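Next come the chains, spelled out residue by residue.
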Amino acid sequence: MVASLYGVAEEQKAIWIFLEQESGKLEGVSLELLAKGRRLADRVGWQLTGLLLGSSIGELAQEAIASGADEVVLAEHPLLDVFTVDAYCHAAFEAIMRYKPSVFLLGVTPDGRDLAGRLAVRLRTGLNADCTDLRLTPETGILAGEVSGFGGGVLALIEMQNHRPQMATVRPGVFPPGQADTKRQGRVIRLPVSLNEAMITTRVVERVAGARTDLTQAAALVIGGRGAGGQFDMLRELADLIGGEIGATRPPVDEGCIERERQIGQTGVVCRPKVAIVCGASGAFHFVVGIQGAEVVIAINSDPEAPIFDFADYCIVGDVFSVVPALTAALRAEHEASHA
């Protein structure tokens, strides 16, 4: 593999987080990465730095410091107002080559993925994509990204021994966000960037934001697997009663029974609800990854040997089409009685 633009001998012992923002608000995955980065940095005694790019977004630097950053490198420019991979890659490249951090972490979002791939090529380094965990060894300073594959049949730890920065992307919801401390002190480093319109090969003509469901913020989930037979109206009724959202494993999504944005698991969304009711899902590893942070998991399956029961806190062996309507009726009766 070709040598990276800088190596171990030149690196700064620091973890950098790409602070992705939209309309003047930090994305949730950035706050999650700050919390994880803080734990890693404390373990190895390194600096935690946020990289914040945009226009007129300086106030977000203090939010990042409150969420765990020791310092924030802030680059503001009118051409960074709206994300374009050309402008953001140029600004991030300048910042990274100036300070040469050992680790650079980004979220698995459309913008994060776009930037990570382009930047890794430009820096001539590697990229561990879609990590489900991160480990940093104090003795060596080597970052290990945990990545699963082959439907969960393989769990690999991928490292970069000599290339810097050690880059990785992490899905939203994999790590819990920390508790902000508004009394934390840190410094903001303003970094001028040399940008002009000739460097930007794309132009944003119009932005249209469609309505979408963010399952990572749901307090309760009712999830249908193959065994639910695509009967998501039945599951939606239950979800409405408990103030939750509906999700699905991959088979119902592939069969067109429900929209893909509601797919939960390694190739979908990773969630941390207070309660997850899993209906008719076998419990394959690549699905379980999506709810491993749930506080309580209730599984309903007619197969007493279903793997989901090894993961669930409460197990109901029975037919989904009998259990779910009965549970819905009981909850509705209780709700009506409490409001009588």
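Everything numeric here is computed off the predicted structure, so don't read it as measured data.

K.L.:
Give a description of the layout of surface pockets that names residues and reports values.
P.N.:
As a volume, the second largest pocket reaches approximately 410 Å³. For the lining of the second largest pocket, the secondary structure elements donating two or more residues are strand S3 (25-26) and helix H1 (28-44). Of the residues that constitute the lining of the second largest pocket, the class distribution is 10 nonpolar, four polar and seven charged.

K.L.:
So what's going on with the sheet that holds strand S15 (residues 275-279)? Which residues, and what values?
P.N.:
Spatially, the five strands line up as an open sheet ordered S14-S13-S15-S16-S17, and their pairing is parallel. With partners counted over all chains shown, the strands left at the sheet margins are strand S14 (245-248) and strand S17 (314-317), one partner each. When strand polarity is set aside, the average angle formed by the axes of neighbouring strands in this sheet is 20 degrees. With respect to the sheet, helix H5 (residues 232-241) is in contact with strand S13 (220-224), S14 and S15, its orientation differing from that of S14 by roughly 140 degrees. Against the sheet, helix H9 (residues 320-338) touches S15, strand S16 (296-301) and S17, its axis set at about 130 degrees to S16.

K.L.:
Residue-level account of the packing of helix H3 (residues 85-99) against helix H4 (residues 110-123), with values.
P.N.:
Relative to each other, H3 and H4 sit at 50 degrees, their axes nearing to 10 Å. Our classification of the angle between H3 and H4 gives oblique. Crossing handedness for the pair H3 and H4: right-handed. Residues Val85, Asp86, Tyr88, Cys89, His90, Ala92, Phe93, Ile96 and Met97 of H3 form the contact with H4, whose own contacting residues are Asp114, Leu115, Arg118, Leu119, Arg122 and Leu123.

K.L.:
Kindly report on the packing of H5 against H9, identifying the contributing residues and their values.
P.N.:
Two numbers describe how H5 lies on H9: the axes approach to 10 Å, and their chain directions differ by 30 degrees. The angle between H5 and H9 places the two elements in the roughly parallel class. Handedness of the H5/H9 crossing: left-handed. Together, Met234, Leu235, Glu237, Leu238 and Leu241 of H5 and Val320, Phe321, Val324, Pro325, Leu327, Thr328, Leu331 and Arg332 of H9 make up the contact between the two elements.

K.L.:
For H5, give the residues involved together with the corresponding values.
P.N.:
Restricting attention to buried positions, one finds in H5 the residues Phe232, Met234, Leu235, Leu238 and Ala239. Taken down its axis, H5 places every buried residue within 150 degrees of arc, on the same side. Exposed and oriented more than 90 degrees from the buried face of H5 are Asp233 and Asp240. Looking at the packing, one finds that the buried side of H5 touches S13, S14, helix H6 (250-254), S15 and H9. Among the residues trailing H5, Gly243 stands out with phi positive, at a value near 70 degrees.

K.L.:
Quick one: what's the story with the nonpolar core, residue by residue and with numbers?
P.N.:
Core analysis: the largest hydrophobic core is formed by 33 residues, its most contacted members being Ile15, Leu52, Leu105 and Leu134. Residue contributions to this core peak at six residues, all from H1. Not counting residues up to four positions away in its chain, the partners in contact with Leu134 are Lys36, Leu40, Leu105, Leu143, Ala144, Gly145, Ala168, Val170 and Phe175. Residues Tyr6, Tyr88, Leu106 and Ile200 belong to the second largest nonpolar core, which totals 32 residues.

Reading guide: rules and limits
Residues numbered from 1 in each chain as written. Predicted model: local features only at pLDDT ≥ 70, side-chain atom pairs only at ≥ 80, totals over all residues. Heavy atoms only, no water. 1 Å grid on protein atoms, 1.4 Å probe; cavity = no way out; pocket = protein on both sides within 12 Å on 5 of 7 lines; lining within 4 Å. Points joined across faces, edges and corners; volume = space filled by probe spheres on them. Helix = DSSP H or I, 4+ residues; strand = E, 2+ residues; numbered from the N terminus. Nonpolar A, V, L, I, M, F, W, Y, C, P; charged D, E, K, R; others polar. Pairing = 2+ DSSP bridges. Axes fitted to C-alpha atoms, helices over the stretch in contact; angles between N-to-C directions. Contact = heavy atoms within 4.5 Å. Parallel < 35°, antiparallel > 145°, perpendicular 65-115°, else oblique. Left-handed = near helix turned anticlockwise from the far one by under 90°. Buried < 20%, exposed > 50% of the residue type's maximum accessible area, 1.4 Å probe, protein only. Arc of directions from axis to C-beta. Core = buried A, V, L, I, M, F, W, Y, C linked by side-chain atoms within 4.5 Å.

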